[in-house]
Amino acid sequence: MQRFVIERDIPDIGSAEREQLRAAAEKSNSVLHAMQSEGKHIQWEQSYVAGDKTFCIYVSDNPGLIDEHAERSGFPATVVTEVRKMIDPTTEKG
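As the structure is a prediction and not an experimental result, all values here were calculated from the model.

Caption draft 1: Spotlight on the overall build of the chain. Looking only at helices and strands, the chain features two helices and four strands. Reading the helices (α) and strands (β) of the chain from amino to carboxyl end gives β-α-β-β-α-β. Seen through its principal axes, the chain has C-alpha atoms that stretch 40 × 35 × 20 Å. Evaluated residue by residue, the chain yields a buried proportion of 23% over its 94 residues.

Caption draft 2: Molecular detail of the packing of aromatic side chains. This structure, assessed with the given rule, holds one aromatic pair. Aromatic pair Trp44 and Tyr58: ring centres 6.4 Å apart, planes at 15 degrees, arrangement stacked. With Trp44 in strand E2 (residues 42–50) and Tyr58 in strand E3 (residues 53–60), this pair connects stretches of sequence that are 14 residues apart. By relative accessible area, Tyr58 is classed as buried at 2%.

Caption draft 3: Highlighting the side chain of Ser73. For Ser73, the position within the fold is in helix H2 (residues 63–73). In this structure the side chain of Ser73 is engaged in a polar contact, spanning 3.5 Å, whose partner is the backbone oxygen of Ala70. Those residues in contact with Ser73 that sit more than four places away from it in its chain are Lys27 and Val31.

Caption draft 4: Quick peek at the pairing of strand E1 (residues 2–9). Inspection of the sheet shows E1 paired to E3 by eight bridges, in the antiparallel sense. Directly across from Asp9, in E3, lies its bridge partner Lys53. As defined by bridge partners, E1 adjoins strand E4 (residues 79–82) across four bridges and the pair is classed as antiparallel. Bridging across to E4, Glu7 finds its partner in Val79.

Caption draft 5: Spatial organisation of the side chain of Ser60. Summarising the element assignment, Ser60 is placed in strand E3. On the basis of relative accessibility, which here comes to 0%, the residue Ser60 falls in the buried class. A polar contact of 2.8 Å, which involves the side chain of Ser60, links it to the backbone oxygen of Asn62. Apart from the residues within four sequence positions on either side, Ser60 is in contact with Met1, Gln2, Phe4, His41, Ile42, Leu65 and Ile66.

Caption draft 6: Molecular detail of unusual backbone geometry. The residue Asp12 is not glycine, and still its phi comes out positive at about 65 degrees. Position of Asp12 relative to the elements: it lies in the loop between E1 and helix H1 (18–37).

Rules used throughout
- Residues numbered from 1 in each chain as written.
- Predicted model: local features only at pLDDT ≥ 70, side-chain atom pairs only at ≥ 80, totals over all residues.
- Heavy atoms only, no water.
- Helix = DSSP H or I, 4+ residues; strand = E, 2+ residues; numbered from the N terminus.
- Buried < 20%, exposed > 50% of the residue type's maximum accessible area, 1.4 Å probe, protein only.
- Phe/Tyr/Trp six-rings, centres within 6.5 Å; stacked < 30°, edge-to-face > 60°.
- Polar contact = N/O pair within 3.5 Å; in protein donor to acceptor, adjacent residues only side chain to side chain.
- Contact = heavy atoms within 4.5 Å.
- Pairing = 2+ DSSP bridges.

Structural data, given as structure tokens:
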């Protein structure tokens, strides 16, 4: 499966209360579970909330599944970018 970064434009998400974020996660998870029960390979790893955007990390077979999740959940997928490689502080140690 491929890993994707999804940038979502969601006004004021950075100031959302915990209950609002919990409800958003619940909606996203219910759509993911429905898609998985249909045999579609898609998984949410984590999201970062900042200002008027979220940056979500998903794993799926293809970007079309990301778009389908966005449509079914009501959360926009403004920009979908495939992750080609990953680095972290230990990368320098080869």
